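In case you want the letters, here they are:
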Amino acid sequence: MAPAGLITIASPLSAAETMNRLIAEVKAKGMTVFARIDHAAGATAAGLTLRPTELLIFGNPKGGTPSMQAAQTMGIDLPLKALVWQDEAGKTWLSYNDPAWLAQRHGIDGALESTICLMATALQAITAKATSEP
C-alpha cells in the first residue's frame, strides 16, 4: 500500500540515469536544483549498505511562494522533492509528493487551485520524461 499523497512511477532506466534525466528535465523547465542527496553514499560513509537512493530538491520561487503565502507551513514541504530509488528486485522507481495532497495537508483552499494544478502538471511532465525510454 502506497503512503498517502505519494506518487510513485516505475522507470525502465537505472537509478543514476533516471536521476540524471530528472535533473535535466527540471532545468529544462526553468526550475532550480537546490540539492542532490545521495543517501546510499551516506550509508556507505557510515559503514552501512543501502540500494541506490537519491533525493532531488528543486523548485521555482514563483510557483512555490504563493502556496507559502497562503500557508507558511507549506515551507516544510517546499521546495519540491523527488526520490529515485531501487527496490530489492533491482527495479528503479521515482516518487514525489502530490501537490494536491500537500495543499490539503496545509489547508490551502481553492483560491490557489490553479497554482497547485500547474505544479502537479509540471511534475507529471518532468517525471514522465525522466522515466521514459530514451
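A short tour of the structure in this document, coming up.

**What about the overall build of the protein chain?**
Across its full length, the protein chain holds five helices and five strands. The secondary structure elements of the protein chain, listed N-terminal to C-terminal, are β-α-β-α-β-α-β-β-α-α. Computed over its C-alpha atoms, the radius of gyration of the protein chain comes to 15 Å, within 12% of the 14 Å expected for a compact globule of 134 residues. If you line up the protein chain on its principal axes, its C-alpha atoms span 45 × 35 × 30 Å. Among the 134 residues that make up the protein chain, the fraction classed as buried is 36%.

**Notes on the sheet that holds strand E2 (residues 32-38)**
Strand order across the open sheet formed by five strands is E1-E5-E4-E3-E2, with antiparallel pairing between neighbours. The outermost strands of the open sheet, each flanked by one partner alone, are strand E1 (6-11) and E2. Going from strand to strand, the sheet's axes swing by 20° on average, the running direction of each strand aside. Summarising the sheet, strand E4 (residues 80-86) and strand E5 (residues 92-97) pair through five bridges and their orientation is antiparallel. By the bridge assignment for E5, Gln86 is matched with Thr92. With respect to the sheet, helix H1 (residues 15-28) is in contact with E1, E2, strand E3 (53-59), E4 and E5, its orientation differing from that of E2 by roughly 165°.

**Topic: the pattern of salt bridges**
Enumeration according to the criterion identifies three salt bridges in this entry. Between Arg51 and Glu88 there is a salt bridge, with the nearest N and O atoms lying 3.8 Å from each other. Of this pair, Arg51 sits in the loop between helix H2 (39-45) and E3 while Glu88 sits in the loop between E4 and E5, placing them 37 residues apart in sequence. Taking the relative accessible area as the measure of exposure, Arg51 reaches 40% and is therefore partly exposed. The salt bridge involving Asp77 is made with Arg105; its shortest N-O contact spans 2.7 Å. Taken as a pair, Asp77 in the loop between helix H3 (61-70) and E4 and Arg105 in helix H4 (residues 99-105) lie far apart in primary sequence, 28 residues in all.

**Topic: the packing of aromatic side chains**
Tallying each qualifying case throughout the model produces one aromatic pair. Between Trp85 and Trp93, the aromatic rings sit 6.1 Å apart at their centres with planes inclined by 25°, giving stacked as the arrangement. In this arrangement the basic side chain of Lys91 is found over the ring face of Trp93, its NZ or CZ atom lying 5.4 Å from the centre.

**Here's the deal with the nonpolar core**
If you look at the biggest cluster of nonpolar residues, it comprises 25 residues, and the most contacted ones within it are Leu22, Val26, Leu56, Phe58, Leu80 and Leu94. Only H1, E3, E4, E5, H4 and helix H5 (113-130) provide two or more residues apiece to this core. Discounting chain neighbours no more than four positions away, the residues touching Leu56 are Met19, Leu22, Ile23, Val26, Val33, Ala35, Arg36, Leu80, Lys81 and Ala82.

Parameters at a glance
- Numbering of residues starts from 1 in every chain and runs along the sequence as written.
- Given that this is a predicted model, residues contribute local features only at a pLDDT of at least 70 and side-chain atom pairs are listed and counted only at 80 or more, while totals for whole chains, interfaces and linings are drawn from all residues.
- Heavy atoms from the whole structure form the basis of all side-chain values; hydrogens and water molecules are not counted.
- Helix numbering and strand numbering both begin at the N terminus, where a helix is a DSSP run of H or I of at least 4 residues and a strand a DSSP run of E of at least 2.
- For a compact globule the rule gives 2.2 Å times the number of residues to the power 0.38, and the radius of gyration it is set against comes from C-alpha atoms.
- Relative accessibility under 20% of the residue-type maximum defines a buried residue, over 50% an exposed one, and the middle range a partly exposed one, all with a 1.4 Å probe and only protein chains included.
- Pairing between two strands is assigned when DSSP locates at least 2 bridges connecting them.
- Note on geometry: axes are lines fitted to C-alpha atoms, helical ones only across the stretch in contact, with angles between N-to-C directions running from 0 to 180 degrees.
- In what follows, residue pairs with any heavy atoms lying within 4.5 Å of each other are defined as contacts.
- What counts as a salt bridge is simple: a side-chain nitrogen of Lys or Arg found within 4 Å of a carboxyl oxygen of Asp or Glu.
- The pairing test for Phe, Tyr and Trp rings, Trp by its six-membered ring, is centres within 6.5 Å, and the orientation test on the planes gives stacked under 30 degrees, edge-to-face over 60, and tilted for anything in between.
- Charges are assigned to positions over rings by a cutoff of 6 Å between ring centre and Lys NZ or Arg CZ, combined with an angular limit of 35 degrees from the ring normal.
- The set of buried Ala, Val, Leu, Ile, Met, Phe, Trp, Tyr and Cys residues whose side-chain atoms join them within 4.5 Å is what this entry labels a nonpolar core.

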